[in-house]
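Each chain, written out:
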Amino acid sequence: MEHRIILKLDESNSIDIDSNTPDMNAIIELIVNLKDTIDSEKISIICEEPSFDKIGFEKMMKEIIKRFIDEINIEKKSFNEAMNVYCKKRK
């Protein structure tokens, strides 16, 4: 059975998730666009379906999004460090 699930990243940014076929590209794109402002502890899930494990899903999404943003930041830091070394060598 399909449920309407809303992933709320902050007060003004959320995305509807189709429980049967979630659009992961749209979710990832929104997270990437907001990566500098997302506080993973403030992420919430809205779903009115009583059989849906909203608490468990919210906990999982918070952890996944936090890890994803951490990985982006690590990659960004590594890239910036490599560019600094490259630029210093070119001088």
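From a predicted model like this one, the values you see are computed outputs, not experimental measurements. (Residues numbered from 1 in each chain as written. Predicted model: local features only at pLDDT ≥ 70, side-chain atom pairs only at ≥ 80, totals over all residues. Heavy atoms only, no water.)

Visitor: Explain the overall build of the chain to me, please; I cannot follow it from the model alone.
Guide: When helices and strands are counted, the chain shows two helices and three strands. Along its sequence from the N terminus, the chain presents helices and strands in the succession β-β-α-β-α. Relative to the compact-globule value of 12 Å for 91 residues, the chain shows a C-alpha radius of gyration of 17 Å, a clear excess of over 25%. Within the chain, the proportion of its 91 residues that are buried is 26%. Long-range contacts, defined here as pairs at least 24 residues apart, represent 48% of the contacts in the chain between residues at least 6 apart. (Helix = DSSP H or I, 4+ residues; strand = E, 2+ residues; numbered from the N terminus. Rg over C-alpha atoms; globule rule 2.2 N^0.38 Å. Buried < 20%, exposed > 50% of the residue type's maximum accessible area, 1.4 Å probe, protein only. Contact = heavy atoms within 4.5 Å.)

Visitor: Would you mind going over the nonpolar core with me for this structure?
Guide: Side chains of a nonpolar character, in soluble globular proteins, are inclined to be buried together. Formed by 18 residues in total, the largest nonpolar core has its most connected members in Leu-7, Leu-9, Ile-38 and Ile-65. Excluding residues within four positions of it along the chain, Leu-9 makes contact with Ser-14, Leu-30, Ile-31, Leu-34, Ile-38, Lys-42, Ile-43 and Ile-65. (Core = buried A, V, L, I, M, F, W, Y, C linked by side-chain atoms within 4.5 Å.)

Visitor: Explain the environment of Glu-41 here, please?
Guide: Along the polypeptide, Glu-41 turns up in the loop between α1 (24-34) and β3 (44-46). Residue classification places Glu-41 among the exposed positions, given a relative accessible area of 58%. Taking C-alpha positions, Glu-41 is 22 Å from Ser-19, a pair spaced 22 residues apart along the chain.

Visitor: How should I be thinking about the pairing of strand β1 (residues 4-8) in this particular structure?
Guide: On any regular strand, side chains alternate: one points to one face of the sheet, the next to the other face. With five bridges connecting them, β1 and strand β2 (residues 14-18) associate as antiparallel partners. Each bridged residue has a counterpart across the sheet, and for Ile-6 the counterpart in β2 is Asp-16. Counted between consecutive antiparallel strands, the loop separating β1 from β2 contains five residues. Inspection of the sheet shows β1 paired to β3 by three bridges, in the antiparallel sense. Within β3, the residue paired with Leu-7 across the bridge is Ile-45. (Pairing = 2+ DSSP bridges.)

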